[in-house]
Amino acid sequence: MVEEVVDRARARQWDVRAGQVAIMIHSGSRGVGKHVGAMWRDRARSMWPKGQKFPPEGLFSLSLADQPEAVAGYMQAEATAANYGFLNRLLLAELLRQRLRELFGEVAAPLVYDLPHNITLPVEGPARRWITRKGACPAGLEQPVIIPGSMGAASYLLVGRGSPHLLGSASHGAGRATSRFEMGRRGRETEDLGLAGVDCITLREERRIEEAPAAYKPIGPVIACQVEAGLCDVVARMRPLMTFKA
Ligand SMILES: Nc1nc2c(ncn2[C@@H]2O[C@H](COP(=O)(O)O)[C@@H](O)[C@H]2O)c(=O)[nH]1
Ligand SMILES: [Mn+2]
């Protein structure tokens, strides 16, 4: 639910009002994206110049100058996975709209923004440049930005400021404080996990634990430092009513 509107003019422009029910869908290409990534990582490794030491970070780059076909192949595969992700979210949103209309009659539920991340996108400008973001999202000038907190904490709708220092990016979420594995080893006390008062529906009980609010960093300072650094400005804050975890 939209709990507070901070930038009224921008919120009005995006059709966002305090008290509205807002639905956030976080889903991408999942299996397809992972498959594309793993396949191209192996391919890039096999194309690494013979006799040259492997990069310590395990990231095998492809050269546009020397391997243009491989670069084009990778970009096409990534775009296919991203399109699959767009379509997933489109269909999920449409199923939700249908159900809302069955229950409440005509409901508009317009799209505020579909924000891709973990993706390579072209940079606007005369030079041919690309940015690959991981754990970050685009925050170009005037662009909507959504930074989710957790199933127990606030999420934020912001507007990007196109900061050149951080390549027009913002964080993709509050970010993990504790790994999924570590969460699985913790006790199942609701209080310890920050699950008190959290309404979460899931068919996979382990998800509730792995992604419990205690697994994530506090969203307040994550937003505050990005605003302070000039990456984005807050438009509205949302509070979770209910979460579905696949
Ligand atoms: N509003 C919610 N935000 C959530 C929830 N679970 C996680 N998160 C946030 O999303 C980001 C991105 O997740 P990732 O799996 O792509 O890394 C994460 O950093 C959290 O801040 C939730 O149930 N509701
Ligand atoms: Mn994500």
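What counts as what
Residues numbered from 1 in each chain as written. Chains lettered and ligands numbered in written order. Predicted model: local features only at pLDDT ≥ 70, side-chain atom pairs only at ≥ 80, totals over all residues. Heavy atoms only, no water. Axes fitted to C-alpha atoms, helices over the stretch in contact; angles between N-to-C directions. Helix = DSSP H or I, 4+ residues; strand = E, 2+ residues; numbered from the N terminus. Parallel < 35°, antiparallel > 145°, perpendicular 65-115°, else oblique. Left-handed = near helix turned anticlockwise from the far one by under 90°. Contact = heavy atoms within 4.5 Å. Salt bridge = Lys/Arg side-chain N within 4 Å of Asp/Glu carboxyl O. Phe/Tyr/Trp six-rings, centres within 6.5 Å; stacked < 30°, edge-to-face > 60°. Buried < 20%, exposed > 50% of the residue type's maximum accessible area, 1.4 Å probe, protein only. Near = heavy atom within 4 Å. Polar contact = N/O pair within 3.5 Å; in protein donor to acceptor, adjacent residues only side chain to side chain. Areas by Shrake-Rupley, 256 points an atom, 1.4 Å probe, with all protein chains shown as cover. Nonpolar A, V, L, I, M, F, W, Y, C, P; charged D, E, K, R; others polar. Donors = N, O, S within 2.8 Å, 3.2 Å for Na, K, Ca; no water. Pairing = 2+ DSSP bridges. Domains from an automatic or database assignment.

A. Main features of the packing of helix 2 (residues 31–46) against helix 3 (residues 68–104). Across the interface, helix 2 lies against helix 3 with an axial gap of 9 Å and an inter-helix angle of 165°. One way to sum up the angle between helix 2 and helix 3 is to call them roughly antiparallel. Relative to helix 3, helix 2 is oriented so that their crossing is left-handed. Note on element contacts: helix 3 touches helix 2 through Ala70, Gly73, Tyr74, Ala77, Glu78, Ala81 and Tyr84, opposite Val32, Gly33, Val36 and Trp40.

B. Representation of the pattern of salt bridges within the structure. As enumerated under the stated definition, the model contains 20 salt bridges in all. Put simply, Asp42 and Arg41 hold a salt bridge, and the shortest N to O gap is 3.6 Å. For Glu106, the salt bridge identified is with Arg101, shortest N-O distance 3.7 Å. By sharing partners, the salt bridges in this structure join Arg180, Arg207, Glu210, Glu211 and Lys245 into a single network.

C. Spotlight on the packing of aromatic side chains. Summed over all chains, the structure comprises three aromatic pairs. Ring centres of Trp40 and Tyr74 lie 5.9 Å apart, and the angle between their planes is 75°; this geometry places the pair in the edge-to-face category. Taken together, the residues Trp40 in helix 2 and Tyr74 in helix 3 connect sequence positions 34 residues apart. Owing to a relative accessible area of 8%, Trp40 belongs among the buried residues under this scheme. Aromatic rings pair up to connect Trp48, Phe54 and Phe60 into one cluster.

D. Spotlight on the site of ligand 1. In the neighbourhood of ligand 1, 16 residues make up the surrounding shell, with Gly149, His172, Ala174, Gly175 and Lys245 lying closest. Between an oxygen atom of ligand 1 and a main-chain N or O atom of Pro148, the distance comes to 3.1 Å. Ala174 places a polar main-chain atom, nitrogen or oxygen, 2.8 Å from an oxygen atom of ligand 1. Protein burial of ligand 1: of its 510 Å² of free accessible surface, 79% is covered by the chains. Of the residues in the shell around ligand 1, the class split is five nonpolar, eight polar and three charged.

E. Focus on the coordination of the manganese ion (ligand 2). Only His26 (NE2), His117 (NE2) and His172 (NE2) from the protein coordinate the manganese ion (ligand 2), and they sit 2.2 to 2.6 Å from it. The motif formed by the donor residues of the manganese ion (ligand 2), counted along the single chain, is H-x90-H-x54-H. With His26 in the loop between helix 1 (8–13) and helix 2 and His172 in the loop between strand 7 (169–171) and helix 4 (180–185), the pair connects residues that are 146 residues apart, well separated along the chain. On the basis of relative accessible area, His26 is assigned to the exposed category, the value being 63%. For His172, a relative accessible area of 18% gives the class buried.

F. Fine view of the sheet that holds strand 5 (residues 144–147). Spatially, the four strands line up as an open sheet ordered 1-9-6-5, and their pairing is antiparallel. Each having just a single partner strand, strand 1 (2–5) and strand 5 make up the two edges of the open sheet. Averaged over all adjacent pairs, the angle separating strand axes in this sheet is 30°, with direction ignored. Alignment of strand 5 against strand 6 (residues 155–160), held across four bridges, turns out to be antiparallel. Following the sheet pairing, Ile146 is matched in strand 6 by Leu157. Here helix 7 (residues 219–228) sits on the sheet and contacts strand 5, strand 6 and strand 9 (232–238); the angle it forms with strand 9, its principal contact strand, is near 150°.

G. Quick look at the side chain of Arg97. Within the secondary structure, Arg97 is located in helix 3. For Arg97, the residues in contact, after removing those within four places along its chain, are Ala108, Ala109, Pro110 and Leu111.

H. Representation of the domain arrangement of the chain within the structure. Here the domain parsing of the chain yields domain 1 (1–23 + 135–246) and domain 2 (25–108). Distance from the C-alpha centre of domain 1 to the C-alpha centre of domain 2: 22 Å.

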